[in-house]
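Listed below, chain by chain, are the residues.
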Amino acid sequence: MQPIALWLSPAKLLLVLFACCAPRLATAAAHCGPEPIPTNAIGAAFQQACDEREAGHYTQAARDFAEAARRAQEVHNVHWQSKSLIYMGGCQARIFEYRAALETTDAAEALA
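Keep in mind it's a predicted model, so treat the numbers as computed, not measured.

Undergrad: I'd love a proper account of helix H6 (residues 78-94), names of residues and values included.
TA: The end-to-end C-alpha distance of H6 is 24 Å, a good match for the 24 Å that 17 residues give at a rise of 1.5 Å each. Judged by how many residues are buried, H6 sits mostly within the fold: 13 of 17 residues are covered. Of the residues one or two after H6, Phe96 is the one with positive phi, at around 65°.

Undergrad: Explain unusual backbone geometry to me, and be specific about the residues and the numbers.
TA: Positive phi, normally seen in glycine, also occurs at His76, with a value near 60°. On the basis of relative accessible area, His76 is assigned to the exposed category, the value being 68%. Even without glycine at this site, Phe96 takes up a positive phi of about 65°. Among the secondary structure elements, Phe96 is positioned in the loop between H6 and helix H7 (98-111).

Undergrad: So what's going on with the nonpolar core? Which residues, and what values?
TA: If you look at the biggest cluster of nonpolar residues, it comprises 20 residues, and the most contacted ones within it are Cys32, Phe46, Cys50, Phe65, Trp80 and Cys91. Among the elements of the structure, helix H4 (41-54), helix H5 (58-74) and H6 are those that each provide at least two residues to this core. Here the element with the most residues in this core is H5; it accounts for 7 residues.

What counts and what doesn't
Residues numbered from 1 in each chain as written. Predicted model: local features only at pLDDT ≥ 70, side-chain atom pairs only at ≥ 80, totals over all residues. Heavy atoms only, no water. Helix = DSSP H or I, 4+ residues; strand = E, 2+ residues; numbered from the N terminus. Expected span 1.5 Å × (residues − 1). Buried < 20%, exposed > 50% of the residue type's maximum accessible area, 1.4 Å probe, protein only. Core = buried A, V, L, I, M, F, W, Y, C linked by side-chain atoms within 4.5 Å.

That is the geometry; function is a separate question.
If you want it as structure tokens, here you go:
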């Protein structure tokens, strides 16, 4: 068995470490970044996920980010789909689901 650091590319490793070690640096008052969240179904699911993440409910946040990604995919919004998947992968890593986190961040990378 190899450590997770050997599975990830440097960019993914940095992303996962940032999500795991410093989630409050990436968020400000239950907001997952400097970009405004859209005022539609994608944005509602994404904001719910941000709120759950801020509260430390990473399992529920991962589900909500998955819902935001699904809604973004339905309307072919690749930007918000990939962004949701990146945050979902971070939440999965926080709850020690490293394989799922790797698969999720790979999916986000493929979209980008």
